[in-house]
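# Coordinate analysis (summary)
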Amino acid sequence: MRKPDLVNVIADEADISKDKAALALNAILEAITSAMKSADSVNLIGFGTFEQRSRAARTGKNPQTGETIHIKASKTVAFKPGKALKQAVN
């Protein structure tokens, strides 16, 4: 499912226009992004939790040349599904 498909589902389920559904979805995505930038977690009960995680610096290998390279430390976003989502999938 892509973003336009999700907007259509939101518009149908909430009985609102597609424009308003798109605004609502964009507001949600911006709020989650803002929370991730400030290292806050976003906990949606039953759905899951978005959180920022740190990756330590490490060494790796270039698969084409076999040369050892240094991979610097970075931050990433992780999603941990909630119980209701896990049950719905299984």
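Parameters at a glance
Residues numbered from 1 in each chain as written. Predicted model: local features only at pLDDT ≥ 70, side-chain atom pairs only at ≥ 80, totals over all residues. Heavy atoms only, no water. Helix = DSSP H or I, 4+ residues; strand = E, 2+ residues; numbered from the N terminus. Rg over C-alpha atoms; globule rule 2.2 N^0.38 Å. Contact = heavy atoms within 4.5 Å. Areas by Shrake-Rupley, 256 points an atom, 1.4 Å probe, with all protein chains shown as cover. Phe/Tyr/Trp six-rings, centres within 6.5 Å; stacked < 30°, edge-to-face > 60°. Buried < 20%, exposed > 50% of the residue type's maximum accessible area, 1.4 Å probe, protein only.

## Here's the deal with the overall build of the protein
Looking only at helices and strands, one finds 3 helices and 5 strands in the protein. When the helices and strands of the protein are listed from N to C terminus, the series reads α-α-β-β-β-β-β-α. In summary, the protein has a C-alpha radius of gyration of 19 Å against a globular reference of 12 Å for 90 residues, an excess of more than 25%. Dimensions of the protein, computed from C-alpha atoms along their principal axes, come out at roughly 55 × 30 × 25 Å. Looking at the protein alone, contacts between residues at least 24 apart form 29% of all its contacts between residues at least 6 apart. Carbon and sulfur atoms provide 54% of the accessible area of the protein, an area that totals close to 7200 Å².

## Notes on the packing of aromatic side chains
One pass over the full model with this rule turns up 2 aromatic pairs. Judged by centre distance (5.5 Å) and plane angle (50 degrees), the ring pair of phenylalanine 47 and phenylalanine 79 falls under tilted. In this pair, phenylalanine 47 is assigned in the loop between β1 (42-44) and β2 (48-55) and phenylalanine 79 in strand β5 (residues 74-81), connecting sequence segments 32 residues apart. The class for phenylalanine 47 is partly exposed, based on a relative accessible area of 39%. By relative accessible area, phenylalanine 79 is classed as partly exposed at 34%. Among the aromatic side chains, those forming a connected cluster through ring pairs are Phe47, Phe50 and Phe79.

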